[in-house]
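Read off the chains here:
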Amino acid sequence: MSSEATRGLALDFASQIAPAGCIDIRRFFGGSALVRNGAQFGFVMKGTLYLRVDAAMRAEFEADGSEPFSYRAAGREVTVHRYYAVPAHVIDDPALLHSYAERALHATSTPGHWLADTLQAATTSG
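Small disclaimer: the values here were computed from a predicted structure and weren't measured. (Residues numbered from 1 in each chain as written. Predicted model: local features only at pLDDT ≥ 70, side-chain atom pairs only at ≥ 80, totals over all residues. Heavy atoms only, no water.)

**Student:** So what about unusual backbone geometry? Which residues, and what values?
**Tutor:** Among all residues save glycine, negative phi is the norm, and among peptide bonds the norm is trans. Residues other than glycine seldom take positive phi values, yet Phe29 does so here, at roughly 50°. Residue position: Phe29 is located in the loop between strand S1 (24-28) and strand S2 (31-36). Positive phi values are uncommon outside glycine, yet Ala74 reaches one of about 50°. Topologically, Ala74 is positioned in the loop between strand S5 (68-73) and strand S6 (76-85). (Helix = DSSP H or I, 4+ residues; strand = E, 2+ residues; numbered from the N terminus.)

Structural data, given as structure tokens:
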């Protein structure tokens, strides 16, 4: 998948998650990152949407057969357990996708990140 196609897919997911302009799409290695308020909560790589997970989301995604993001580097497989592929049934349900994206945004919280302006609040503002 070309970088232009990956960016287009990331923009499509972003438009399903929140109103236009609420999510920034940035270059991310060979894919596109989804960023809100400076926090990367997901990315699209090789046609797959990955979201940042906490322990509860990880368990749900694993129960759905989802796998963590992985790549090959220096001749070995590297697995990133902070990001999991979004199950197809979530992608097919806009409300569920929005809910998981909001949870992913909260999973990125670290000291110093202000997350009061969540995706949910962004979708209800006029």
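**Student:** Any details on the packing of helix H2 (residues 55-63) against helix H4 (residues 94-107)? Residues and values, ideally.
**Tutor:** Two elements in contact, H2 and H4, have axes separated by 10 Å at closest approach and are oriented at 140°. Comparing their axes, H4 and H2 come out oblique. When H2 is examined against H4, the residues Ala56, Met57, Glu60 and Phe61 are found in contact with a partner set consisting of Tyr100, Arg103 and Ala104. Split by residue class, the contact of H2 with H4 holds five nonpolar, no polar and two charged. (Axes fitted to C-alpha atoms, helices over the stretch in contact; angles between N-to-C directions. Parallel < 35°, antiparallel > 145°, perpendicular 65-115°, else oblique. Contact = heavy atoms within 4.5 Å. Nonpolar A, V, L, I, M, F, W, Y, C, P; charged D, E, K, R; others polar.)

**Student:** Account for helix H1 (residues 3-17), naming residues and giving values.
**Tutor:** Over its 15 residues, H1 extends 21 Å from the first C-alpha to the last, a length consistent with the 21 Å expected when each residue adds 1.5 Å. Here H1 has its buried residues at Thr6, Ala10, Phe13, Ala14 and Ile17. Along the long axis of H1, the arc covered by the buried residues comes to 100°, so they all point the same way. (Expected span 1.5 Å × (residues − 1). Buried < 20%, exposed > 50% of the residue type's maximum accessible area, 1.4 Å probe, protein only. Arc of directions from axis to C-beta.)

**Student:** Please provide a residue-by-residue account of the environment of Ala5, values included.
**Tutor:** Tracing the sequence through the fold places Ala5 in helix H1. When the C-alpha atoms of Ala5 and Gly47 are compared, they prove to be 8.4 Å apart, with 42 residues separating the residues in sequence.

**Student:** An account of the nonpolar core is needed here, citing residue identities and associated values.
**Tutor:** Ile23, Leu34, Phe41 and Leu49 are the most contacted members of the largest nonpolar core, which has 25 residues in total. Elements with a contribution of two residues or more to this core: H1, strand S3 (39-45), strand S4 (48-52), H2 and H4. One finds Phe28, Ala33, Val80 and Ala85 within the second-largest nonpolar core, a separate group that totals 10 residues. (Core = buried A, V, L, I, M, F, W, Y, C linked by side-chain atoms within 4.5 Å.)

**Student:** Before we move on, can you summarise the pairing of S1 with the specific residues and values?
**Tutor:** Bridge count between S1 and S2: five bridges; the pairing is antiparallel. What sits directly across from Phe28, in S2, is Gly31. Where S1 folds back on S2, the antiparallel hairpin that results is connected by two residues, among which Phe29 adopts a positive phi of roughly 50°. (Pairing = 2+ DSSP bridges.)

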